[in-house]
Amino acid sequence: RASVMSLAAALLSAPLTGVAVAAGSAPAAAPGAVAPAFRLDDLDGSTLRLKDLRGEVVYVDFWASWCAPCLQSFPWMNAVVDRHRADGLRVVAINLDRDDGDAARRFLADTRADFDVLLDPDGRSAAAYGLIGMPSSYLVDRDGRIAHAHVGFRKTDVPVLEAAIARVLGAD
């Protein structure tokens, strides 16, 4: 119970800092591990499964409409997918707002997303990945393994994220 409360407190503090880590926690989806599977619907009701993307490099981003750093990450994700789509990069943004997609729709009315946006109002995929802060991202290689994990988003994180993407795209 204490660790659940610690995680809840950490996630609630995320909108203020962009990075929250519960004491003693480590992400379940660590580099080298097989990426946890997910099967989620997009805003139009179409289903996407991670296993259907095998062979592509997938940048999985967990976000919510209330998360200020998440808002900052969208222009960068648009730019990086535009630059690397032809190289096999796919960005999948998983919304964790606890509703039927209304908060995500309101967010996306003002914020462009040139990538897949999926809904996970129950947070099952976040639990499977062992999410410890918002936003959190996982770079999944073409074989379905986690190549890089990152918590938070600041403009100063961009060189590290882009280097990881370039490394995985070039590792064919």
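As a starting point, this report considers the structure included with it. (Residues numbered from 1 in each chain as written. Predicted model: local features only at pLDDT ≥ 70, side-chain atom pairs only at ≥ 80, totals over all residues. Heavy atoms only, no water.)

A few points about the sheet that holds strand β7 (residues 146-151)
Next, step 1: If you trace the 7 strands from one edge of the open sheet to the other, you get β2-β1-β5-β4-β3-β6-β7, paired in mixed fashion. The strands lining the two open edges of the sheet, one partner per strand, are β2 (47-49) and β7. Between one strand axis and the next, the sheet turns by 30° as a mean value, whatever way the strands run.
Next, step 2: With 4 bridges connecting them, strand β4 (residues 89-95) and strand β5 (residues 116-119) associate as parallel partners. Bridging from a neighbouring strand, Ile94 pairs with Leu118 of β5.
Next, step 3: Together, β3 (57-63), β4, β6 (136-140) and β7 form the strand contacts of helix α5 (residues 158-169), whose direction differs from that of β7 by roughly 170°. (Pairing = 2+ DSSP bridges. Helix = DSSP H or I, 4+ residues; strand = E, 2+ residues; numbered from the N terminus. Axes fitted to C-alpha atoms, helices over the stretch in contact; angles between N-to-C directions. Contact = heavy atoms within 4.5 Å.)

Quick look at the packing of aromatic side chains
Next, step 1: The full count for this structure, using the stated rule, is 9 aromatic pairs.
Next, step 2: Aromatic side chains Phe74 and Phe107 sit 5.0 Å apart centroid to centroid with 65° between the ring planes, which places their arrangement in the edge-to-face category. Here the residue Phe74 occupies a position in helix α2 (residues 68-84), and Phe107 occupies one in helix α3 (residues 102-110), the gap between them amounting to 33 residues.
Next, step 3: Judged by centre distance (5.9 Å) and plane angle (35°), the rings of Trp76 and Phe153 are tilted. Here Trp76, found in helix α2, pairs with Phe153, found in the loop between β7 and α5; they are 77 residues apart in sequence, far enough to count as distant.
Next, step 4: Accessibility expressed as a relative area gives 9% for Trp76, which makes it buried. (Phe/Tyr/Trp six-rings, centres within 6.5 Å; stacked < 30°, edge-to-face > 60°. Buried < 20%, exposed > 50% of the residue type's maximum accessible area, 1.4 Å probe, protein only.)

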